[in-house]
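Secondary and tertiary structure notes
Given next are the chains, with one letter for each unit.
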Amino acid sequence: MAPAITLAAEAPKLSSANTGFMLICSALVMLMTPGLAFFYGGMVRVKSTLNMLMMSFISLGIVTILWVLYGFSLAFGTDSGSVIGWNSDWLGLSNIGLTDLWDGYTIPIFVFMVFQLMFAIITPALISGALADRVKFSAWALFITLWATLVYFPVAHWVWGAGGWAFELGVIDFAGGTAVHINAGAAALGVILVIGKRVGFKKDPMRPHSLPLVMLGAGLLWFGWFGFNAGSWLGNDDGVGALMFVNTQVATAAAMLAWLAYEKIRHGAFTTLGAASGAVAGLVAITPSGGCVTPLGAIAVGVIAGVLCAMAVGLKYKFGYDDSLDVVGVHLVGGVIGSLLIGFFASGKGQSAATGVFYGNHSFDQLWKQCAAVFAVLGYSLVVSAILAFILDKTIGMRVTEDEEVSGIDQAEHAETAYDFSGAGGGVLGTVSAPAVAGTQSKKVDA
């Protein structure tokens, strides 16, 4: 005989395994910001190296404090109008118990909070690559503060917060194609359209000063991205996080190979910068889609992103916007590609039953949902970012002077230089004086 009373589903209990897993993933995502600093730092000329490193590192400080004070509440608090959250109990992270669980999951609220904090930190840092050589550090710090508050926190709520309009619509964004990459890429475009080009853009060579540093940064990003992606399932119980881990590796490899093949055909060489950039393009594109596509689908996502992002980085010369380190070409374009390809390659066998055009009933339903989120985030971030840059430029000024830009922003803004050649006069350098070596090196690299 069937029991007369049906027992309610057992409430989730804290899982030490999932909690430990998520703390490790949080640390991996934190590592991505220094990795990004090295990646960007190697891509600029020697006279801008420290400034580029600092533009990423300062986000670790500013966004952490904002997140604790009110950012977490705005992004993940109780929904208001499907556009923003709020929970006064979370201001300053007050009134959160050590074992209070994130709703519906087996990890503490504190663990979810710190994992999402690392996403909030790296997103504005991504923007900095478009602004190399020319932005006052104080203006950049203030821009981060305003942008995180007015753009990132609301957009994170749209996409991931319970009640957010994109979340409720059924938009799929596993780990940040819209909230992170399109958001940052559109912001970068908005700011550079306001502040203008570097001195010498399209006239002077502006080659990376340290490709080994670029490769080191790319390797750290690739490594940390497993926490970024696989950790976004907030647990390790049903295999979806494992699928995302596999697809992250697969798509990144495919994108790197596709980028290298494109540049060999187009430019006649396989470059280390192309390998690093292709890997990042694959990581960006699989970020929103990796939980809903098969490994074969991940290969397709990677190949498409690798080729299209490689093509997109040249658009700045055609249209005349100075995206210094190709944030628009890689993060904006890669984020759009990865988000929209969900509408074609979603298999219905991963994070949800939603299927794309190539699966299930071949419906365009998921594709139009993805389009809605992509273009809403792109438009909002671009416009608000441009307005913020315009206000700051007209008040405190966004750019260093032309003389400071030419002589080197590291010295002007930080009173330091990345490399000290004062002790280089000896050994294989023979009788050449150290100042002469330093001057020659500087002239060769900065030209």
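Everything discussed here concerns the structure shown above.
In this report, the structure presented in the accompanying data block is examined. (Residues numbered from 1 in each chain as written. Predicted model: local features only at pLDDT ≥ 70, side-chain atom pairs only at ≥ 80, totals over all residues. Heavy atoms only, no water.)

**With respect to the packing of helix 8 (residues 240-267) against helix 10 (residues 295-312)**
Between helix 8 and helix 10, the shortest axis-to-axis distance is 7 Å and the interhelical angle comes to 35°. In this structure, helix 8 crosses over helix 10, and the sense of that crossing is right-handed. Residues Leu 243, Val 246, Asn 247, Val 250, Ala 251, Ala 254, Ala 255, Ala 258, Trp 259 and Tyr 262 of helix 8 lie in contact with helix 10, whose contacting residues are Pro 295, Ala 298, Ile 299, Gly 302, Val 303, Gly 306, Val 307, Cys 309, Ala 310 and Met 311. Partitioned by chemical class, the residues of the contact of helix 8 with helix 10 number 17 nonpolar, three polar and no charged. (Axes fitted to C-alpha atoms, helices over the stretch in contact; angles between N-to-C directions. Helix = DSSP H or I, 4+ residues; strand = E, 2+ residues; numbered from the N terminus. Left-handed = near helix turned anticlockwise from the far one by under 90°. Contact = heavy atoms within 4.5 Å. Nonpolar A, V, L, I, M, F, W, Y, C, P; charged D, E, K, R; others polar.)

**Description of the environment of Asp 103**
Along the polypeptide, Asp 103 turns up in the loop between strand 2 (84-86) and helix 3 (109-127). Overall, Asp 103 belongs to the exposed group, its relative accessible area being 69%. With 32 residues separating them along the chain, Asp 103 and Val 135 place their C-alpha atoms 41 Å apart. (Buried < 20%, exposed > 50% of the residue type's maximum accessible area, 1.4 Å probe, protein only.)

**Side note on the packing of aromatic side chains**
What characterises a pair of aromatic rings is the spacing of the ring centres plus the angle enclosed by the ring planes. Considering all chains together, one arrives at 26 aromatic pairs under this definition. Between the aromatic rings of Trp 67 and Phe 153, the centroid separation amounts to 5.6 Å while the plane-to-plane angle is 55°, which identifies the pairing as tilted. Here the residue Trp 67 occupies a position in helix 2 (residues 49-76), and Phe 153 occupies one in helix 4 (residues 137-160), the gap between them amounting to 86 residues. Residue classification places Trp 67 among the buried residues on the basis of a relative accessible area of 1%. Relative to Phe 112, the ring of Phe 76 has its centre 4.9 Å away and its plane inclined at 80°; by these criteria the two rings are edge-to-face. Linking Phe 76 in helix 2 with Phe 112 in helix 3, this pair joins segments that are 36 residues apart in sequence. Taking relative accessible area as the criterion, Phe 112 reaches 3% and is therefore assigned buried. (Phe/Tyr/Trp six-rings, centres within 6.5 Å; stacked < 30°, edge-to-face > 60°.)

**Concerning empty space enclosed by the protein**
Going through the model one piece at a time under the given rule, you end up with one cavity of 30 Å³ or more. Of the voids in this model, the largest cavity is the one considered here, and its volume is about 50 Å³. Together, Met 32, Leu 36, Ile 122, Leu 126, Val 180, His 181, Leu 221, Trp 225, Phe 228, Val 280 and His 331 line the largest cavity. The set of elements that each furnish at least two residues to the lining of the largest cavity consists of helix 1 (16-43), helix 3, helix 6 (177-195) and helix 7 (211-230). (1 Å grid on protein atoms, 1.4 Å probe; cavity = no way out; pocket = protein on both sides within 12 Å on 5 of 7 lines; lining within 4 Å. Points joined across faces, edges and corners; volume = space filled by probe spheres on them.)

**A few points about the packing of helix 7 against helix 9 (residues 272-289)**
At a minimum axis separation of 9 Å, helix 7 and helix 9 run at an interaxial angle of 15°. One element, helix 7, and the other, helix 9, form an angle in the roughly parallel class. Between helix 7 and helix 9 lies a crossing of left-handed hand. Along its contact with helix 7, which presents Leu 211, Val 214, Met 215, Ala 218, Leu 221, Trp 222, Trp 225, Phe 228 and Asn 229, the element helix 9 presents Thr 272, Leu 273, Ala 276, Ala 279, Val 280, Leu 283, Val 284, Ile 286 and Thr 287. Across the contact of helix 7 with helix 9, the residue classes break down as 15 nonpolar, three polar and no charged. (Parallel < 35°, antiparallel > 145°, perpendicular 65-115°, else oblique.)

Remember, this is a structural readout, not a statement about activity or role.
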